[in-house]
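Each chain is listed here by its residues.
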Amino acid sequence: MLAKQLSVFLENKSGRLTEVTEVLGKAGVNLSALSIADNSDFGILRCIVSDPDKGYKALKEASFTVKITDVIGFSCPNSPGSLAVVLKSLSEAGVFIEYMYSFSNGDGANVVIRPSDLSLCEQILQSMKVDLLAASDLYRL
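Residues numbered from 1 in each chain as written. Predicted model: local features only at pLDDT ≥ 70, side-chain atom pairs only at ≥ 80, totals over all residues. Heavy atoms only, no water.

### Looking at the packing of aromatic side chains
- For the coordinates displayed, the defined rule picks out zero aromatic pairs.
- The ring of Tyr-99 has Arg-46 lying over it, and the distance from NZ or CZ to the ring centre is 3.6 Å. (Phe/Tyr/Trp six-rings, centres within 6.5 Å; stacked < 30°, edge-to-face > 60°. Lys NZ or Arg CZ within 6 Å of the ring centre and 35° of its normal.)

### Focus: the pattern of salt bridges
- Applying the stated criterion across every chain yields a total of six salt bridges.
- Residues Glu-92 and Lys-88 are paired through a salt bridge, measuring 3.9 Å at the closest nitrogen-oxygen approach. One end of the pair is Glu-92 and the other is Lys-88, both in helix α3 (residues 82-92) and four residues apart, which spans about a single turn. Of the two residues examined, Glu-92 and Lys-88, each falls in the exposed class.
- Among the ionic contacts, a cluster of salt bridges with common partners joins Glu-11, Arg-16 and Glu-19. (Salt bridge = Lys/Arg side-chain N within 4 Å of Asp/Glu carboxyl O. Helix = DSSP H or I, 4+ residues; strand = E, 2+ residues; numbered from the N terminus. Buried < 20%, exposed > 50% of the residue type's maximum accessible area, 1.4 Å probe, protein only.)

### Quick notes on helix α1 (residues 16-26)
- Listed as buried for α1 are Arg-16, Val-20, Val-23 and Leu-24. Down the axis of α1, the sector holding all buried residues measures 95 degrees, keeping them to one side.
- Buried residues along α1 sit in contact with β1 (2-11), β2 (31-38), β3 (42-49) and α2 (52-61). (Arc of directions from axis to C-beta. Contact = heavy atoms within 4.5 Å.)

### Quick notes on the nonpolar core
- Among the nonpolar cores identified, the biggest contains 15 residues, and Val-8, Val-20, Leu-59 and Phe-64 are the most heavily contacted of them.
- Among the elements of the structure, β1, α1, β3 and α2 are those that each provide at least two residues to this core.
- Look past the residues within four positions of Val-20 in its chain and what remains in contact with it is Val-8, Leu-10, Leu-45, Leu-59 and Phe-64.
- With 14 residues, the next largest nonpolar core counts Phe-74, Cys-76, Ile-124 and Val-130 among its residues. (Core = buried A, V, L, I, M, F, W, Y, C linked by side-chain atoms within 4.5 Å.)

### As for unusual backbone geometry
- Positive phi values are uncommon outside glycine, yet Ser-63 reaches one of about 70 degrees.
- Tracing the backbone shows Ser-63 in the loop between α2 and β4 (65-77).
- Take Ser-63: its relative accessible area is 63%, and that puts it in the exposed class.
- Although it is not a glycine, Lys-129 sits at a positive phi angle of roughly 65 degrees.
- Note on placement: Lys-129 falls in the loop between α4 (118-127) and β7 (131-132).

Just distances and angles here, no functional claims.
Quick look at the structure:
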């Protein structure tokens, strides 16, 4: 259950995140989830949006450096240790998690991961009967 994620490179200056959200908003693209990682020179905004292709086009036209990356989304119980069980199985199979972000909602938690091996990761999650999120579900969260 691969989904498309936008990765936007941002200079570390006031207002750049606002500009991204305005461009997406004007294009009618909704943000479902996001994560920001930064260092002293730039940041990377990783986000799940309602229409990745439309969001990509709008950001490119607004002169942002953006790319589309495949990620995997899944749900797990929002309880202590639930995520650890999933991550341990992936780790034991040699799947490295490049990055991850998650958000809880009541009794459940939604997780977005970028694994080193998408296909193997998906196979392991399916064998564990982890609730994989369809791309269309992630785009509507």
